[in-house]
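Understanding the architecture of this molecule
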Amino acid sequence: MSATPPWFQADAARIAAAVQSGEASATAVVQSALDRIAATDARVNAFTAVTGERALQRAAALDALPAEARAALPLAGVPVAVKNLFDVAGLPTLAGSKIERETPPATDDALLLRRLEAAGAVLVGALNMDEYAYGFTTENSHEGPTRNPHDLSRIAGGSSGGSGAAVAAGQVPITLGSDTNGSIRVPASLCGVYGLKPTFGRLPRTGSYPFVSSLDHLGPFARSVRDLALAYDAMQGPEDGAPGDPGCAQRATEPVTALLPQGAAGLRVGVLGGWFARNALPEAQAAVARVAEALGATRTVELPLVEAGRAAAFLISNAEGAALHLPDLRRRAHDFEPLSRDRFLAGALLPAAWVTRAQRVRRRYAEAVAAVMQDFDLLLAPATPCSATPIGTEWLELDGRRQPLRPSFGALTQPISCIGLPVCAVPVWGAQTPMPVGVQLIAAPWREDIALRAAAALEAAGVTQAPVAPLA
């Protein structure tokens, strides 16, 4: 066996090729990931549980397979970790909370985790997040804040902050997160990694703790577009057996990895202006300009009803989230994180008529955006208003006003997830800041392939990259 590079620096495709060929054992790769977590996580705080014994047993089982069986696994030996709202057999599904610590451990893994492991991946742990996925900073008062690996004084974003940070820190090459209003794209932007929010209904959510069932998406993080595509392809497809996710579209698998070399040639690309320009600081605007130039995008377009669409998403999130947690809000409100508790309590007081109207506005907004998308294959927008802010920051100067920071980090993502469009967030460096800023590549429903092809073209051109943070 070769002891080539430290495996924490390798991407998933490189690891899988090494394990498939026998250049490296799955056990050596997984042990390298466990060692990296042990060496760095006291500073980063991405993990809430490390499943080392399970991981090494799984790796040994992969090493015992015949060579031809390992060669058929696209993610052979690849260490992965999941946001702690995914069920992991033997662990309580925390969803970032104190309350769920008292629940019995899950008896089975979430469906998407089972699919990753069926493709050869190896789970090494569960990851920190905002309580019940209601936040954009992962400053979790129960588990402590997850820190940005590129600057430990700054936030990692949220609510999938542990998922973004673990990839950026080189702890694992692939993680899973959830995105209701921006919770994959915000950490991807701030941590300088790639993130994919698929079309609403594309990936089944079976075995995950919900936040807002009419808005929740699940998806992967990675340090390369190919890794993102490999993970996404492994997780696609209708549910196994009886449906458990009423929001799943039950679509057949539509693989994208083989399409990446097609690149972005011939794509009709527009740049979102208006709301998306006003709510972005200069570094975010510069990141979009760099991507637009690389993709030959010269047209600017404004989405109609975008502010109404975001307002609708706010109301729906508030109301559905509150309804889910109402029994605990009545019995033990003191055990909630104060910030999420106050928002859930506000949601519990919303008139039903307002929520009904919000769903109508959401539908009208979706129809208006669909009309715009007929003229474009891809739309570009910042993923966050700025790069990562210091932990504890409460306010942000945005659009000429002093605004609360936490909801402001979803200003540019929420109007997109509200209507379920697929988005690949790509990391741009050196755009008027030493920290990364992400750009959203937004495609029409079910066209994840277009967003990922464009992302691969940008990566190949050196416009985007996702380096491992230089943690000692």
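Nothing here was measured: the structure is a model prediction, and the numbers come from that model.

All right, on to the overall build of the chain then. Within the chain, the secondary structure is distributed over 16 helices and 17 strands. Here the chain has a C-alpha radius of gyration of 21 Å; the compact-globule value for 472 residues is 23 Å, and the two agree. Viewed in the frame of its principal axes, the chain has a C-alpha envelope of about 60 × 55 × 45 Å. Classification of the 472 residues of the chain by burial places 62% in the buried group. Within the chain, counting contacts between residues at least 6 apart in sequence, those at least 24 apart form 76% of the total. By element, 56% of the accessible surface of the chain is carried by carbon and sulfur atoms, the whole surface being about 16,400 Å². Distance from the positive charge centre (40 side chains) to the negative charge centre (44 side chains) of the chain: 4 Å.

What follows covers the layout of surface pockets. Over the atoms rolls a probe the size of a water molecule, and its path tells where empty space is left. As a volume, the largest pocket reaches approximately 320 Å³. What lines the largest pocket is a set of 18 residues, and nearest its centre among them are Y134, F136, R343, R406 and P407. Taken together, the elements giving at least two residues each to the lining of the largest pocket come down to α11 (306-332), α12 (338-348) and α14 (405-408). When residues of the lining of the largest pocket are assigned to their parent elements, the largest contribution, 3 residues, is made by α14. For the lining of the largest pocket, the class distribution of residues is 9 nonpolar, 6 polar and 3 charged.

At a minimum axis distance of 8 Å, the contact between α11 and helix α13 (residues 352-373) shows a crossing angle of 140°. The angle between α11 and α13 places the two elements in the oblique class. Crossing angle aside, the handedness with which α11 passes α13 is left-handed. On the side of α11, the interface is formed by V306, A308, G309, A312, L315, I316, A319 and E320, while α13 contributes W354, V355, A358, Q359, V361, R362 and Y365. Grouping the amino acids of the contact of α11 with α13 by side-chain chemistry returns 11 nonpolar, 2 polar and 2 charged.

Membership of the largest hydrophobic core comes to 142 residues, with the highest contact counts inside it found for L303, L378, L380 and L441. Ranked by residue count, the leading element in this core is helix α8 (residues 225-235), at 8 residues. When neighbours within four sequence positions are excluded, L380 is seen to be in contact with V269, G270, V271, L272, V288, V291, A292, L295, A297, Q440 and L441. Ranked by size, the runner-up nonpolar core spans 11 residues in total, among them F136, A388, L396 and L405.

Now for the pairing of strand β15 (residues 401-404). Here strand β14 (residues 395-398) pairs with β15 via 4 bridges, running antiparallel. If you follow W395 over to β15, its bridge partner there is P404. Remark: 2 residues form the turn of the hairpin made by β14 and β15, two consecutive strands paired antiparallel; D399 in that turn has positive phi of roughly 55°.

On to the sheet that holds strand β2 (residues 79-83), then. The strand order across the open sheet built from 11 strands is β1-β3-β2-β8-β10-β9-β16-β17-β13-β11-β12, with neighbouring strands paired in mixed fashion. The sheet terminates laterally at β1 (47-50) and β12 (299-301), the two strands that pair on one side only. The average angle at which neighbouring strand axes cross in this sheet is 30°, direction not considered. The pairing of β2 with strand β8 (residues 174-179) spans 3 bridges and is parallel. Among the inter-strand pairings, V80 is bridged to a residue of β8, identified as I174.

This part covers the pattern of salt bridges. Using the criterion set out here, one finds 24 salt bridges in the structure. With a shortest N-O distance of 3.5 Å, R278 and E307 are connected by a salt bridge. Of this pair, R278 sits in helix α9 (residues 275-278) while E307 sits in helix α11, and the two are 29 residues apart along the sequence. Judged by relative accessible area, R278 falls into the partly exposed class, the value being 38%.

Under the defined criterion, the tally for this structure stands at 6 aromatic pairs. Aromatic side chains Y132 and Y209 sit 5.5 Å apart centroid to centroid with 35° between the ring planes, which places their arrangement in the tilted category. Taken together, the positions of Y132 in the loop between β3 (122-127) and β4 (139-140) and Y209 in the loop between β9 (194-197) and β10 (217-222) put the pair 77 residues apart, joining distant regions of the chain. Each of the two residues, Y132 as well as Y209, counts as buried. Between Y134 and F344, the ring centres sit 5.1 Å apart and the planes meet at 50°, which makes this aromatic pair tilted. With Y134 in the loop between β3 and β4 and F344 in helix α12, this residue pair connects regions lying 210 residues apart in the sequence. Y134 sits in the buried class, given a relative accessible area of 10%.

Within the secondary structure, T146 is located in the loop between β5 (144-145) and β6 (147-148). Contacts of T146, omitting those with residues within four sequence positions, involve V44, N45, A46, N128, T138, R154, I155, A156, G161, G162 and A165.

So, how was this worked out
- In every chain, residue numbers begin from 1 and rise along the written sequence.
- With pLDDT at 70 or above as the cut-off, local features in this predicted model cover only qualifying residues; side-chain atom pairs require 80 or more to be listed or tallied, and sums for whole chains, interfaces and linings still use all residues.
- Side-chain numbers here rest on the full set of heavy atoms in the structure, without hydrogens or water.
- Secondary structure counts use DSSP, requiring at least four H or I residues in a row for a helix and at least two E residues in a row for a strand, with both numbered from the N terminus.
- As a reference, a globule follows 2.2 Å times the number of residues to the power 0.38, and the radius of gyration itself is taken over C-alpha atoms.
- Buried, partly exposed and exposed residues are distinguished by accessible area as a fraction of the type maximum, computed with a 1.4 Å probe on protein chains only: under 20%, between the cut-offs, and over 50%, respectively.
- Contacts: residue pairs with any heavy atoms within 4.5 Å of one another.
- Areas reported as accessible are Shrake-Rupley estimates using a 1.4 Å probe. Residue values count occlusion only from the protein chains shown.
- Only four residue types enter the tally: Lys and Arg on the positive side, Asp and Glu on the negative side, with His and both chain ends excluded.
- One atom stands in for each charge, and that atom is NZ of Lys, CZ of Arg, CG of Asp or CD of Glu.
- The rule is simple: put a 1 Å grid over the protein atoms alone, call a set of points where a 1.4 Å probe fits but cannot get out a cavity, call an open set with protein on both sides within 12 Å along at least five of seven lines a pocket, and count a residue as lining if it has an atom within 4 Å of a point.
- Grid points are joined across faces, edges and corners, and a volume is the space filled by probe spheres set on the points.
- Here the nonpolar group is Ala, Val, Leu, Ile, Met, Phe, Trp, Tyr, Cys and Pro; Asp, Glu, Lys and Arg are the charged ones; every other residue, Gly included, is treated as polar.
- For every element, the axis is a line fit to its C-alpha atoms; helices are fit only across the contacting stretch, and the angle between N-to-C directions ranges from 0 to 180 degrees.
- When an angle is under 35 degrees it counts as roughly parallel; over 145 it counts as roughly antiparallel; between 65 and 115 it counts as roughly perpendicular; any other value is oblique.
- Definitions for this section: a left-handed crossing has its near helix turned counterclockwise from the far helix by less than a right angle. A right-handed crossing has that turn clockwise.
- We define the nonpolar core as a collection of buried residues of types Ala, Val, Leu, Ile, Met, Phe, Trp, Tyr and Cys that are connected through side-chain atoms lying within 4.5 Å of one another.
- Here, strands pair whenever DSSP counts at least two bridges between them.
- Whenever Lys or Arg places a side-chain nitrogen within 4 Å of a carboxyl oxygen from Asp or Glu, that contact is recorded as a salt bridge.
- Pairing of aromatic rings covers Phe, Tyr and Trp, the last counted by its six-membered ring, and requires centre-to-centre distances within 6.5 Å; plane angles under 30 degrees mean stacked, over 60 mean edge-to-face, and any other angle means tilted.

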